[in-house]
Amino acid sequence: MTAFNDESGTGDALRRALGVNRRRFLSTCTAVAAGAIAAPVLGASPALAQDRGRGHDHGRGHVLVPPGKRGIILYTVRDATARDPLASDLPSGFREVFKQLARHGYRQVEFAGYGQHANAPGGANLGSVAGAKLLRSWLDDYGLRAQGNHGFIPPSWPLTSADVDTFKLNLEIANILGMDHMGTGGDPTGSSYPADWDVAADKWNALGRIARREGIKLYTHNHDSAYGFLLDGGPLDAQGRPTRSSGIRKLEYFLKATDPKLVWLEMDIFWAHVAQYKFHTYTAHDGSTREKVFDPAGLVARNNKRYPLFHAKDGVVSTTNGMGYDMVPFGTGVIDYTTFFSRVGERNYHNPMVEDDNSPSATDPGQSLREAKISYDNLAALRARRH
């Protein structure tokens, strides 16, 4: 495996590109040499989560995520905000959840809608001007700041007047809550074709222009498929669509097609690593198979101001689910966040939001808030490595 020879420097360069720690990288290379894995990214044991944890040594370099930038998307604790306060002694509804998250140490929250249990203070739906004022008072009470929402993006294009009105109401709510950013949890389009991404770019530029007039930065969020490859050339299929790729990734195309003064992105780092695992080869226009490993941190570093927010979620290696990773609480997996945050820099600009889709439990009602504390502690412990 001379391509991974550390003496040449190539091994370290590839390891940094993959966003994995040195021990996991060497384990991966060994597995590749043994023919044990099909893709160049995975192969390390999930037990390496403990090895990576040792990189959180407080005696090392500066804090990678400053206290005021430590956030959580409320989707992670959605069972708690939806809990009936009359039927449980656990924190229930937005106010009590804010109080608990502040005790954990969080200083920012990202909303995933404004619904909660009907018996919680304020009622079931706080997605109104009055509801936003109530939410803002609770945020202020507990020293929290709202820093985004996965909310309403008009489905229409061209935009209908009704959709524009609803969009403007959501911008008004965002301003009441004190957000700098407002966005969505979905990709701009699910298509693989440039023409559809051009339409999506036109729509997002138009929405971004409306948001900018209200002082809000509009952002979109990725899943793994958005960092897959565009189909932009080669033979056409029966519908006249291209079937091969130039190696350009969909959201990289979107970045160039949208106005940097109007449209921003929130990188979900977990799904970006899933994309790294899934989309590492493509069929070129000439029919050849080419390899191009995705480098999430490198993309952010090249477009740093376009990525004001992150979803910081972790994963352990899976060779059976087709994604390469199973989601786990932040800091208990193998994604090398020390390297990622060190490479992207701009620590006083980026806003990492802890997320774990699997934290709510049907059998353990306290799990999501308990894991939120674990995730906070691991996020706070991240330190730059000293060289």
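What counts as what
- Residues numbered from 1 in each chain as written.
- Predicted model: local features only at pLDDT ≥ 70, side-chain atom pairs only at ≥ 80, totals over all residues.
- Heavy atoms only, no water.
- Helix = DSSP H or I, 4+ residues; strand = E, 2+ residues; numbered from the N terminus.
- Buried < 20%, exposed > 50% of the residue type's maximum accessible area, 1.4 Å probe, protein only.
- Contact = heavy atoms within 4.5 Å.
- Areas by Shrake-Rupley, 256 points an atom, 1.4 Å probe, with all protein chains shown as cover.
- Pairing = 2+ DSSP bridges.
- Axes fitted to C-alpha atoms, helices over the stretch in contact; angles between N-to-C directions.
- Expected span 1.5 Å × (residues − 1).
- Polar contact = N/O pair within 3.5 Å; in protein donor to acceptor, adjacent residues only side chain to side chain.
- pLDDT = per-residue confidence, 0-100.
- Phe/Tyr/Trp six-rings, centres within 6.5 Å; stacked < 30°, edge-to-face > 60°.
- Lys NZ or Arg CZ within 6 Å of the ring centre and 35° of its normal.

So, on to the overall build of the protein. The number of helices and strands found in the protein is 13 helices and 14 strands. Looking at the protein residue by residue over its 387 residues, the buried ones come to 54%. For the protein, restricting intrachain contacts to residue pairs at least 6 apart in sequence, the fraction spanning at least 24 positions comes to 73%. As displayed, the protein has an accessible area near 15,800 Å², and 50% of this comes from carbon and sulfur atoms.

For the rest of this paragraph, the subject is the sheet that holds strand S8 (residues 263-268). Pairing between sheet strands relies on hydrogen bonds along the backbone, with the strands arranged either parallel or antiparallel. An order of S3-S2-S1-S14-S11-S8-S5-S4 is seen for the eight strands of this open sheet, with the pairing classed as parallel. Two strands bound the open sheet, and with one partner strand each, they are strand S3 (145-149) and strand S4 (181-183). Direction aside, the axes of adjacent strands within the sheet are offset by 30 degrees on average. Bridge count for strand S2 (residues 108-111) against S3 is three bridges, and the pairing is parallel. Looking at S3, one finds that Phe111 is bridged to Asn149. Taken strand by strand, helix H7 (residues 161-177) contacts S2, S3, S4 and strand S5 (217-221), and its axis lies near 140 degrees from that of S4. Where helix H8 (residues 194-213) meets the sheet, it contacts S5 and S8, and its direction lies at approximately 140 degrees from that of S5.

The next thing to look at is helix H5 (residues 93-104). Helical geometry: 3.6 residues make up each α-helical turn, so side chains three or four residues apart lie on a common side. Spanning twelve residues, H5 covers 17 Å between terminal C-alpha atoms, matching the ideal 16 Å at 1.5 Å per step. Residues of H5 that are buried: Gly93, Phe94, Val97, Phe98, Gln100, Leu101, Ala102 and His104. Taken together, the buried residues of H5 touch strand S1 (71-73), helix H4 (78-81), S2, helix H6 (129-141) and helix H13 (367-380). Following H5 by one or two positions, Gly105 adopts a phi angle in the positive range, close to 120 degrees.

With respect to the element layout, Ser361 can be found in the loop between strand S14 (351-354) and H13. Leaving out residues up to four positions away in the same chain, Ser361 has contacts with Asp79 and Gln367. For Ser361, the side chain forms a polar contact with the main-chain nitrogen of Asp364, separated by 3.0 Å.

For Lys261, the location among the structural elements is in the loop between helix H9 (250-257) and S8. Owing to a relative accessible area of 51%, Lys261 belongs among the exposed residues under this scheme. In sequence terms Lys261 and Lys217 are 44 residues apart; their C-alpha atoms lie 8.6 Å from each other.

What follows deals with the confidence of the model for the protein. Chain-level pLDDT for the protein is 88 on average; 84% of the residues reach the 70-or-more range. This stretch, residues 1-19, has a pLDDT under 50; its non-local contacts, to residues over four places away or in other chains, come to 36 contacts. This model gives residues 21-59 a pLDDT under 50, and the stretch forms 84 contacts once residues within four places in sequence are excluded.

All told, the structure shown has 17 aromatic pairs when counted by the stated rule. When the ring of Phe98 is compared with that of Phe111, the centres are 6.1 Å apart and the planes differ by 90 degrees; the resulting orientation is edge-to-face. Of this pair, Phe98 sits in helix H5 while Phe111 sits in strand S2, and the two are 13 residues apart along the sequence. Per residue, the accessibility class of Phe98 equals that of Phe111, and both read buried. One aromatic cluster is present, built from ring pairs that chain together Phe310, Phe330, Tyr337, Phe340 and Phe341. Taking the ring centre of Tyr75 as reference, the NZ or CZ of Arg78 above it sits at 3.9 Å. Taking the ring centre of Tyr349 as reference, the NZ or CZ of Lys305 above it sits at 4.1 Å.

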